[in-house]
Amino acid sequence: MTEPVKTESQPRKGIYLLPNLLTTGGLFSGFYAIISSMNGHFEAAAIAIFVAMIFDGLDGRVARLTNTQSEFGAQYDSMADMLSFGMAPAMVMYNWALSDTGKFGWLAAFLFVACAALRLARFNANLSVTDGRFFQGLASPAAAALIAGLVWTGAYYQLDGNGFGYLLGIMTILAGLLMVSNFRYHSFKDVNWRDKVSFVTILLVVLIFVVIAARPAEMLLLIFLLYACSGPVTTIRSVNKLKLEHVVGDVTPADFEEPKTKANQDEPAEQVKQEQK
């Protein structure tokens, strides 16, 4: 009786210190954001959510680079994401702007949390066929960054969030619904980060960092607001006719077929058959 052969792509059993230490850092940042917002320190709370994003981006990459992926690490990362990008932004927004709106406020915050949980569960279960170039729905860290950017910008300019409670509540609901939508968001996983670039490209990167560092609250809010709006635009451009399944519900690969160009339509039938094999 032969034993199944393990491949490198399969998560290993066990607990590895370095990637899980980074995940713990993200978990701590999300928890700190909640505590800070309860004490009225909303700028610190918003910044903590962005710090959690940095830890979330590092733990998986470090695990792959050091070959320390594990099933435990994957599950722990999901639990940390639920707190850092689900509970934390909802509580920060609620404490800053939604507490005076009554039932509407806490229901809007709960809807964001529920959508974050559904988004993470769908991502982990892979209920639909995914394209590595795109995310299905707005990723929970991006949705959390949008909420954190709103709070950070408002707190920086000393705005009273309760004065805009209903508007911010609607934006919180929309951010949550984008997470469970079928809109396609670029994942940037097809970018070759090891490829050579020109000197001008490096100069542009430096300038972007300088601009963000000069006005971090406003620039991060603008970046993630544009990214949140890019999903519907990308989806509409990638289908021949927008249907309900392109927005919400179960999808199949055929639902997101690229529009056929004239060159594709004129290809010989035999060549098409060969490409499908």
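Just above, that's the structure.
Everything in this summary refers to the structure shown in the same document.

**Some details on the overall build of the protein**
Regarding its fold elements, the protein presents 10 helices and 2 strands. Secondary structure of the protein in N-to-C order comes out as α-α-α-α-β-α-α-β-α-α-α-α. In the protein, which comprises 277 residues, the proportion classed as buried is 38%. Here the analysis covers contacts within the protein between residues at least 6 apart in sequence; of these, 80% occur between residues at least 24 apart. A total accessible area of about 17,000 Å² is found for the protein, and carbon and sulfur atoms account for 67% of it.

**What to know about empty space enclosed by the protein**
Take a probe with the size of a water molecule and roll it over the atoms, and the empty space left behind shows itself. Applying the stated criterion across every chain yields a total of 1 cavity of 30 Å³ or more. The computed volume of the largest cavity comes to approximately 50 Å³. Lining the largest cavity are Thr23, Gly26, Leu27, Ala52, Asp56, Asp59, Asp77, Ala80, Asp81, Ser84 and Phe85. Where the lining of the largest cavity is concerned, the elements lending two or more residues are helix H1 (17-38), helix H2 (42-65) and helix H3 (71-98). It is H3 that provides the largest number of residues to the lining of the largest cavity, a total of 5 residues. Of the residues that constitute the lining of the largest cavity, the class distribution is 4 nonpolar, 3 polar and 4 charged.

**Digging into H1**
One full turn of an α-helix is made of 3.6 residues, so residues set three or four places apart face in the same direction. For H1, with 22 residues, the first-to-last C-alpha span of 31 Å sits near the 32 Å given by 1.5 Å per residue. Those residues of H1 not exposed but buried are Pro19, Asn20, Leu22, Thr23, Gly25, Gly26, Ser29, Gly30, Ala33, Ile34, Ser36 and Ser37. The inward-facing, buried residues of H1 contact H2 and H3. One or two residues past the end of H1 sits Gly40, with phi positive at roughly 85°.

**Regarding the packing of helix H4 (residues 103-125) against helix H6 (residues 165-179)**
Describing two packed helices takes the angle between their axes plus the distance from one axis to the other. For the pair H4 and H6, the least separation of the axes is 8 Å and the interaxial angle reads 15°. The orientation of H4 relative to H6 falls into the category roughly parallel. As H4 runs across H6, the sense of the crossing is left-handed. Residues Phe104, Ala108, Leu111, Phe112, Cys115, Ala116, Arg119 and Arg122 of H4 form the contact with H6, whose participating residues are Gly165, Tyr166, Gly169, Ile170, Thr172, Ile173, Ala175, Gly176, Leu177 and Met179. Looking at side-chain class alone, the contact of H4 with H6 contains 12 nonpolar, 4 polar and 2 charged residues.

**Focus: the nonpolar core**
Counting 50 residues, the largest nonpolar core has Phe50, Met93 and Leu138 as its most contacted members. Mapped onto this core, the elements with two or more residues apiece are H1, H2, H3, H4, helix H5 (140-156), H6 and helix H8 (216-238). Discounting chain neighbours no more than four positions away, the residues touching Met93 are Leu98, Ile147, Leu150, Val151, Leu168 and Thr172.

**Brief notes about the environment of Leu167**
Assignment of secondary structure puts Leu167 in helix H6. With a relative accessible area of 51%, Leu167 lands in the exposed category. Each C-alpha atom of the pair Leu167 and Leu98 lies 9.6 Å from the other, and the pair is 69 residues apart in sequence.

**Brief notes about a nonpolar patch on the surface**
A surface patch of nonpolar side chains, about 520 Å² in accessible area, is lined by Tyr156, Tyr157, Leu159, Phe164 and Leu167. With respect to the secondary-structure elements, Phe164 resides in the loop between H5 and H6. Residue class for Phe164 comes out partly exposed when judged on its relative accessible area of 41%.

**Regarding the packing of aromatic side chains**
Per the counting criterion, the structure on display carries 7 aromatic pairs. On the numbers, 5.9 Å between centres and 35° between planes, the contact of Phe72 with Tyr76 is tilted. With a gap of 4 residues between them, Phe72 and Tyr76 both fall in helix H3, about one helical turn apart. When its relative accessible area of 39% is taken as the criterion, Phe72 is described as partly exposed. An aromatic cluster is defined as three or more aromatic residues linked by ring pairs; in this entry it consists of Phe50, Trp152 and Phe224. A cation sits over an aromatic face here: Arg184 above Phe134, 4.2 Å from the ring centre.

**A word on the packing of H3 against H5**
Remark: H3 packs on H5, axes separated minimally by 9 Å, with the N-to-C direction vectors making an angle of 25°. Judged on the interaxial angle alone, H5 and H3 are roughly parallel. Between H3 and H5 lies a crossing whose hand is left-handed. Across the interface between the two elements, Phe85, Pro89, Val92, Met93 and Trp96 of H3 pack against Ser140, Pro141, Ala144, Ile147, Leu150, Val151, Gly154 and Ala155 of H5. Each residue belonging to the contact of H3 with H5 can be placed in one class, and the counts come to 11 nonpolar, 2 polar and no charged.

What counts and what doesn't
- Residues numbered from 1 in each chain as written.
- Predicted model: local features only at pLDDT ≥ 70, side-chain atom pairs only at ≥ 80, totals over all residues.
- Heavy atoms only, no water.
- Helix = DSSP H or I, 4+ residues; strand = E, 2+ residues; numbered from the N terminus.
- Buried < 20%, exposed > 50% of the residue type's maximum accessible area, 1.4 Å probe, protein only.
- Contact = heavy atoms within 4.5 Å.
- Areas by Shrake-Rupley, 256 points an atom, 1.4 Å probe, with all protein chains shown as cover.
- 1 Å grid on protein atoms, 1.4 Å probe; cavity = no way out; pocket = protein on both sides within 12 Å on 5 of 7 lines; lining within 4 Å.
- Points joined across faces, edges and corners; volume = space filled by probe spheres on them.
- Nonpolar A, V, L, I, M, F, W, Y, C, P; charged D, E, K, R; others polar.
- Expected span 1.5 Å × (residues − 1).
- Axes fitted to C-alpha atoms, helices over the stretch in contact; angles between N-to-C directions.
- Parallel < 35°, antiparallel > 145°, perpendicular 65-115°, else oblique.
- Left-handed = near helix turned anticlockwise from the far one by under 90°.
- Core = buried A, V, L, I, M, F, W, Y, C linked by side-chain atoms within 4.5 Å.
- Patch = residues over 30% accessible without salt bridge, like charges linked within 9 Å, V, L, I, M, F, W, Y side chains within 5 Å.
- Salt bridge = Lys/Arg side-chain N within 4 Å of Asp/Glu carboxyl O.
- Phe/Tyr/Trp six-rings, centres within 6.5 Å; stacked < 30°, edge-to-face > 60°.
- Lys NZ or Arg CZ within 6 Å of the ring centre and 35° of its normal.

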